[in-house]
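# Coordinate analysis (summary)
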Amino acid sequence: MAHFPFVHTGILGVEDHAEVQRYDVSMNVDQDEIWATNCKFFQPMAAAASKGGTITEYKYRLPHPHSVILYKTCPSRPGEWDLIGLFIQPTEKDACIVHSFVLVFDKNNSDTDLLHFQQNIFLQDRIILENQIPRQLPLDTRIEIPTRADASSIAFRRWLKANGVTWSTTQAENLE
Amino acid sequence: MKLYDYVLSGNCHKVRLLLKFLDLTCDLEPVDFFPGREHKSPVFLQINPLGQLPVLEDGDLRLRDAQAILVYLAHKYDASGQWYPMNDPEALGRVAQWLAFAENITATSSAARLHDVLGYNLDVDAARADAHTLFRVLEDHLAHQEFNGQHWLAGPLPTIADIACFPYTALAGDGGIDTFIYPAIERWLHHFSRLRGFYNMPGMNYFA
Ligand SMILES: N[C@@H](CCC(=O)N[C@@H](CS)C(=O)NCC(=O)O)C(=O)O
Ligand SMILES: [Fe+2]
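Residues numbered from 1 in each chain as written. Chains lettered and ligands numbered in written order. Predicted model: local features only at pLDDT ≥ 70, side-chain atom pairs only at ≥ 80, totals over all residues. Heavy atoms only, no water.

Below, the discussion takes up the site of ligand 1. All names here are of chain B. Taken together, 15 residues are adjacent to ligand 1, and K40, L53, D65, A66 and Q67 come closest. For ligand 1, an oxygen atom lies 3.0 Å from a polar atom in the side chain of Q52. Of all elements in the fold, only α3 (66-77) and α4 (89-118) reach the threshold of two or more residues within the shell around ligand 1. Across the shell around ligand 1, the residue classes break down as five nonpolar, seven polar and three charged. Looking at the shell around ligand 1, you find at least three residues from each of domain 1 (2-77) and domain 2 (89-193). (Near = heavy atom within 4 Å. Polar contact = N/O pair within 3.5 Å; in protein donor to acceptor, adjacent residues only side chain to side chain. Helix = DSSP H or I, 4+ residues; strand = E, 2+ residues; numbered from the N terminus. Nonpolar A, V, L, I, M, F, W, Y, C, P; charged D, E, K, R; others polar. Domains from an automatic or database assignment.)

Let us look at the coordination of the iron ion (ligand 2). All names here are of chain A. Here the iron ion (ligand 2) is held by the protein donor atoms H3 (NE2), H8 (NE2), D125 (OD) and D125 (OD), which lie 2.0 to 2.6 Å from it. One can describe the donor arrangement at the iron ion (ligand 2) as irregular, given that its four donor atoms subtend angles of 54 to 157° at the metal. Its relative accessible area of 32% is what places H3 among the partly exposed residues. When its relative accessible area of 1% is taken as the criterion, H8 is described as buried. (Donors = N, O, S within 2.8 Å, 3.2 Å for Na, K, Ca; no water. Tetrahedral: all angles 85-135°; square planar, octahedral: opposite > 155°, others 65-115°. Buried < 20%, exposed > 50% of the residue type's maximum accessible area, 1.4 Å probe, protein only.)

Turning next to the interface of chain B and chain A. Taken together, the contact between chain B and chain A spans 18 residues of the former and 12 residues of the latter. Where chain B abuts chain A, roughly 1300 Å² becomes buried across the two surfaces, and 59% of that area is made up of carbon and sulfur atoms. Looking at the side of chain B facing chain A, the largest losses of area belong to V7, P30 and P202 of chain B, adding up to 33% of the total buried there. One can count one salt bridge joining chain B with chain A. Taken together, the links from chain B to chain A amount to five residue pairs in polar contact (both at pLDDT 80 or more). Its residues assigned to classes, the side of chain B that touches chain A shows 11 nonpolar, two polar and five charged. (Contact = heavy atoms within 4.5 Å. Buried area = accessible area lost by both parts, 1.4 Å probe. Salt bridge = Lys/Arg side-chain N within 4 Å of Asp/Glu carboxyl O.)

This part is about the pattern of salt bridges. Side-chain pairs of opposite charge can arise where the charged atoms are in close proximity. Evaluation of the coordinates by the stated rule reveals 13 salt bridges over all chains. The partner of R126 of chain A in a salt bridge is E130 of chain A, and the shortest N-O contact between them spans 3.7 Å. Separated by four residues within a single helix, R126 of chain A and E130 of chain A lie in helix α2 (residues 111-130), roughly one turn from each other. E130 of chain A gets classed as partly exposed once you look at its relative accessible area, which sits at 40%. R113 of chain B is the partner of D174 of chain B in a salt bridge, and the nearest nitrogen-oxygen pair spans 3.1 Å. Residue D174 of chain B is found in the loop between α6 (160-170) and α7 (183-193), and its partner R113 of chain B is found in helix α4; the two are separated by 61 residues along the sequence. Overall, the relative accessible area of 5% leaves R113 of chain B in the buried class. A network of salt bridges, in which partner residues are shared, links R126 and E130 of chain A together with R113 and D174 of chain B.

Let us now look at the domain arrangement of chain B. Residue and element names in this part refer to chain B. When its domains are assigned, chain B resolves into domain 1 (2-77) and domain 2 (89-193). Taking the mean C-alpha position of each, domain 1 and domain 2 sit 21 Å from one another. Between domain 1 and domain 2, the contact holds 16 residues from the first and 16 residues from the second. Summed over both sides, the interface of domain 1 with domain 2 buries roughly 1300 Å², with 71% coming from carbon and sulfur. Viewed at the interface, domain 2 and domain 1 are joined by zero salt bridges. In this structure, the connection of domain 1 to domain 2 is made through five residue pairs in polar contact (both at pLDDT 80 or more). Mapped onto the side of domain 1 that touches domain 2, the elements with two or more residues apiece are α1 (10-21) and α3. Classifying every residue of the side of domain 1 that touches domain 2 by side-chain character gives 10 nonpolar, four polar and two charged.

Another aspect to go through is the sheet that holds strand β2 (residues 33-43) of chain A. The strands that make up a sheet are held in pairs by hydrogen bonds between backbone atoms, and each pair lies either parallel or antiparallel. All names here are of chain A. With antiparallel pairing, the six strands of this open sheet are ordered in space as β1-β2-β3-β4-β5-β6. Whereas interior strands pair on both sides, the edge strands pair on one side only; in this sheet they are β1 (24-28) and β6 (95-103). When the angles between neighbouring strand axes are averaged without regard to direction, this sheet yields 20°. Across five bridges, the pairing between β1 and β2 is antiparallel. (Pairing = 2+ DSSP bridges. Axes fitted to C-alpha atoms, helices over the stretch in contact; angles between N-to-C directions.)

Of the volumes computed, that of the second largest pocket is approximately 730 Å³. H13, Y199, N200, M201 and P202 of chain B are, among the 35 residues lining the second largest pocket, the residues nearest its centre. Breaking the lining of the second largest pocket down by element, the ones donating at least two residues are α1 (4-7) and α2 of chain A together with α1 and β2 (27-30) of chain B. Of the residues forming the lining of the second largest pocket, the biggest block, five residues, is contributed by α2 of chain A. The residue inventory of the lining of the second largest pocket, partitioned by class, reads 19 nonpolar, 10 polar and six charged. (1 Å grid on protein atoms, 1.4 Å probe; cavity = no way out; pocket = protein on both sides within 12 Å on 5 of 7 lines; lining within 4 Å. Points joined across faces, edges and corners; volume = space filled by probe spheres on them.)

Structure below.
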């Protein structure tokens, strides 16, 4: 969420509301999934259907190291969730193809409107992701200085480590 | 006015930028370029037989090609004549020269980006190498302009030539083409991003 005001300025965040409030992270032991819940953020244009700024609630679900599903407040149907999913298909250690879906309640926008809305967001993310250094995910806690807002990324790194995932990750000893 | 538009298209962004610079309002008609390939559908081929974006409609006029649209909009709606200096033959020649150059940037830098971003099947190494050949020419020209105290492609003021060359130079990184090795180009890009009304499209990160 912390990147919303700066990467998706005017859509998923505004610079005047940059604070990430405390949210919950839990490990679903039965299903071996990570969930970040109770995530709340001010968004000027949370979805194509938005009629103005609102506090959007998110749930982030990680069912697999290469998949994420976002549940977010549906602007046009209170009580329902809109879903956005990303399925990452690695092609090399530092390259992948991203497959995605968007499931939203929206009576006013065409499918093409929704595609444009979402592709705009994805391409804003792409330039940031592609320029991250190191290119492979750091798993050693000494490499990064996380803040409270990074609770879910820390849980993700722990989860990968606990499961012995090393593909596409950076170990401290490999950093020059 | 109506613009057939794709949010990730740099060619559409050329038109969107000039509309903004000239304070013109225009309806955007979103086209499902990816993944739908709507621009190649029979219905769209009636609108543009080349199956390309952008296309502009203004009254009875229907125009394809970003550069052609820039010429039309600037000539018709920019009373100052800054963006398209029609009373100065030499300047006009230089503008036309860089409009043609913009087409070559599209054929190379944009192609590399279509490969990297949307998975197009093409020779990306050739596209990148050809883009670098063009960017070296652009770099030399802009450095030369700077020696003469000019910061724009065709003269002392920005013209539609700068608009036409901007998007796929600014988006080159999306296609794995590093422009940080071209300092005069980088200065020109930043200069351009400070024009009043400028706004980023995804893949650009210029901050005022
Ligand atoms: N000369 C045209 C080229 C336009 C162009 O390449 N448009 C791209 C989208 S940015 C397109 O529609 N490509 C599909 C194709 O060429 O088949 C212009 O400058 O407008
Ligand atoms: Fe993002």
